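Chain residues, written in single-letter form:
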Amino acid sequence: MPVDSICWKAGACRIIDQTLLPEKLRYLKLTNIRDMWEAIRHLRVRGAPALGIAAAYGLYLGIRDSKSSTFSSFMKDLNQAADYLKTSRPTAINLFWALERMKQKAEDVSHLPIASIKQSLLDEAHRIWKEDYEAGVAMGDAGAALIPDGASILTHCNAGGLASASYGSALAVVYRAAESGKKIKVYADETRPLLQGARLTAWELSMNKIPVTVICDNMAGYLMSLKKIDAVFVGADRITASGDFANKIGTYSVAVLAHAHRIPFYVVAPLSSFDISIKTGGEIPIEERPHEEIQCWRGRQIIPTAGVDVFNPAFDVTPHGYVTAFVTEKGVINPPYHRTINRLFRSLHDVKK
Ligand code: MRU
């Protein structure tokens, strides 16, 4: 199993504190909603699918001790807890998707006693975890079919086990290809400012014995010009109905470079990362994070602060024209995305009815 990054254990949500990797592998036991909010906000738990799971467990922790005895006052508590978690991070749709799904679950079982509704919510959070695990395997298999044995791929940020229930999205492709006997080499962009590539992707791939080479973000174009990259695989935080998508800052530059070098650029993401309520990338809320993340490294100042301004958007938007295909747990989605994405969601909606 690639990584055991988030799970439910002994009445608490257990996460790996990703801010300490790779130096320390420390597990945190989160027993209340405030600790979950703090863990999300400070990227102790991070990556879009993991944020969905964290939000679901966080919401359960938020209502576990609710004293409400009627459904309407219980729902007030639930909505308040969900609104609080929504303020933790704005871009990954998975967080909002999971909270809505949990609220819907409560409505579906409103006829039950409050204690049973609480249990149903914990069960729903477990289901979200399990579905994400299964989605990782399915996306991995669908994506692995796109890469030949011996390929070298480039990835940005961390879209691996640490960002999910286990396999991740972009790295699930690598894990499943490796499990099927293919020899895949990964180049990992370091991913400034918080080094998710250098710290996290490199850590989990090396733990799983996958050959990985870390490069600085500004080296990707040179590597492509040397024909060292066969394909790019990245994850996503929010994919719109047109196929424009948000992912870690720097993804857009990689997409443009891949396009210029005629290298396939794949986005691997579960359906929980799609937000078909919006059409274009310009509508995606982009998180801006504290200046210290650029000015300092682990408390030590690395660039001057006096008279120097800083801009720290955590994500950028890549227009759909740069995407060769999306890889989901339901298979590969090809262009034209405004048609194929809508068709997929319409068919899923019809199946549910
Ligand atoms: O700020 P982060 O580390 O949460 O950003 C994560 C990413 O951008 C990932 O690429 C994305 O969430 C996909 S994870 C499968």
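Rules and cut-offs
Each chain carries its own residue numbering, running from 1 in the written order of its sequence. Thresholds applied to this predicted model are a pLDDT of at least 70 for local features of residues and 80 or more for the giving and counting of side-chain atom pairs; totals over whole chains, interfaces and linings are not thresholded and use all residues. Only hydrogens and water are set aside when side-chain values are computed; all heavy atoms of the structure are taken into account. Runs of H or I in DSSP of at least four residues are treated as helices and runs of E of at least two as strands, each being numbered from the N terminus. Think of a polar contact as two N or O atoms within 3.5 Å of one another; within protein, one of them needs to be a possible hydrogen donor and the other a possible acceptor, and neighboring residues in sequence only count if both atoms come from side chains. We treat two strands as partners when DSSP finds at least two bridges between them. Contacts are assigned to residue pairs with any non-hydrogen atoms lying within 4.5 Å of each other. Interaxial angles span 0 to 180 degrees and are taken between N-to-C directions of axes, which are lines fitted to C-alpha atoms, for helices over the stretch in contact. Start and end points for every domain follow an automatic or database-based domain assignment. For any pair of parts, buried area is found by adding up, for both, the accessible area (1.4 Å probe) each one loses once the two are put together. The rule for a salt bridge is simple: a side-chain nitrogen of Lys or Arg has to be within 4 Å of a carboxyl oxygen of Asp or Glu. Put plainly, a pocket is an open set of points on a 1 Å grid over the protein atoms alone with protein on both sides within 12 Å along at least five of seven lines, a cavity is a set where a 1.4 Å probe fits but cannot get out, and a lining residue has an atom within 4 Å of a point. Grid points are joined across faces, edges and corners, and a volume is the space filled by probe spheres set on the points. Gly is put with the polar residues, along with every residue not named as nonpolar or charged; the nonpolar set is Ala, Val, Leu, Ile, Met, Phe, Trp, Tyr, Cys and Pro, and the charged set is Asp, Glu, Lys and Arg.

## So, the side chain of S68
Here is step 1 of the chain: Tracing the chain through its elements places S68 in the loop between α2 (48-63) and α3 (71-86).
Here is step 2 of the chain: Among the polar contacts listed, one links the side chain of S68 to the side chain of S73, at a separation of 3.0 Å.
Here is step 3 of the chain: Of note is the side chain of S68, whose polar atom sits 2.7 Å from the side chain of D77.

## Here we look at the sheet that holds strand β8 (residues 238-240)
Here is step 1 of the chain: Reading across from one edge, β11-β8-β9-β14 is the order of the 4 strands in this open sheet, with mixed pairing throughout. The strands lining the two open edges of the sheet, one partner per strand, are β11 (274-275) and β14 (315-318).
Here is step 2 of the chain: Pairing analysis gives 2 bridges linking β8 to β11, with the strands arranged parallel. Directly across from I239, in β11, lies its bridge partner F274.
Here is step 3 of the chain: Along the sheet face, helix α9 (residues 251-260) touches β9 (245-248) and β14 and points at about 35 degrees away from the line of β14.

## Remarks on the domain arrangement of the protein
Here is step 1 of the chain: According to the domain assignment, the protein contains domain 1 (6-136) and domain 2 (148-352).
Here is step 2 of the chain: Taking only C-alpha atoms, the centre of domain 1 and the centre of domain 2 are 24 Å apart.
Here is step 3 of the chain: The interface of domain 1 with domain 2 comprises 31 residues on the first partner and 34 residues on the second.
Here is step 4 of the chain: Summed over both sides, the interface between domain 1 and domain 2 buries roughly 2,600 Å², with carbon and sulfur atoms accounting for 55% of that surface.
Here is step 5 of the chain: When residues of domain 1 are sorted by the area they lose upon contact with domain 2, R46, T91 and I93 head the list and together hold 24% of the total.
Here is step 6 of the chain: Counting across the domain 1 and domain 2 interface gives 3 salt bridges.
Here is step 7 of the chain: Among the salt bridges present, the one from R41 reaches E287, with a minimum N-O distance of 3.2 Å.

## A word on the layout of surface pockets
Here is step 1 of the chain: Taken as a whole, the largest pocket encloses approximately 790 Å³ of empty space.
Here is step 2 of the chain: What lines the largest pocket is a set of 24 residues, and nearest its centre among them are W97, E131, L271, L348 and K352.
Here is step 3 of the chain: Among the elements of the structure, α2, α4 (93-108), α5 (114-144), β11 and α11 (337-352) are those that each provide at least two residues to the lining of the largest pocket.
Here is step 4 of the chain: Residue composition of the lining of the largest pocket, by class: 12 nonpolar, 4 polar and 8 charged.
Here is step 5 of the chain: When we break the lining of the largest pocket down by domain, the ones giving at least three residues each are domain 1 (6-136) and domain 2 (148-352).
Here is step 6 of the chain: Roughly 450 Å³ of volume is contained in the second largest pocket.
Here is step 7 of the chain: Residue lining of the second largest pocket: 17 residues in total, with T19, H42, L194, E293 and R298 positioned closest to the centre.
Here is step 8 of the chain: Contributing elements (two or more residues each) for the lining of the second largest pocket: α1 (33-41), α7 (196-207), α10 (292-295) and β12 (296-297).
Here is step 9 of the chain: Class assignment for the residues of the lining of the second largest pocket results in 5 nonpolar, 4 polar and 8 charged.
Here is step 10 of the chain: Residue contributions to the lining of the second largest pocket reach at least three from each of two domains, namely domain 1 (6-136) and domain 2 (148-352).

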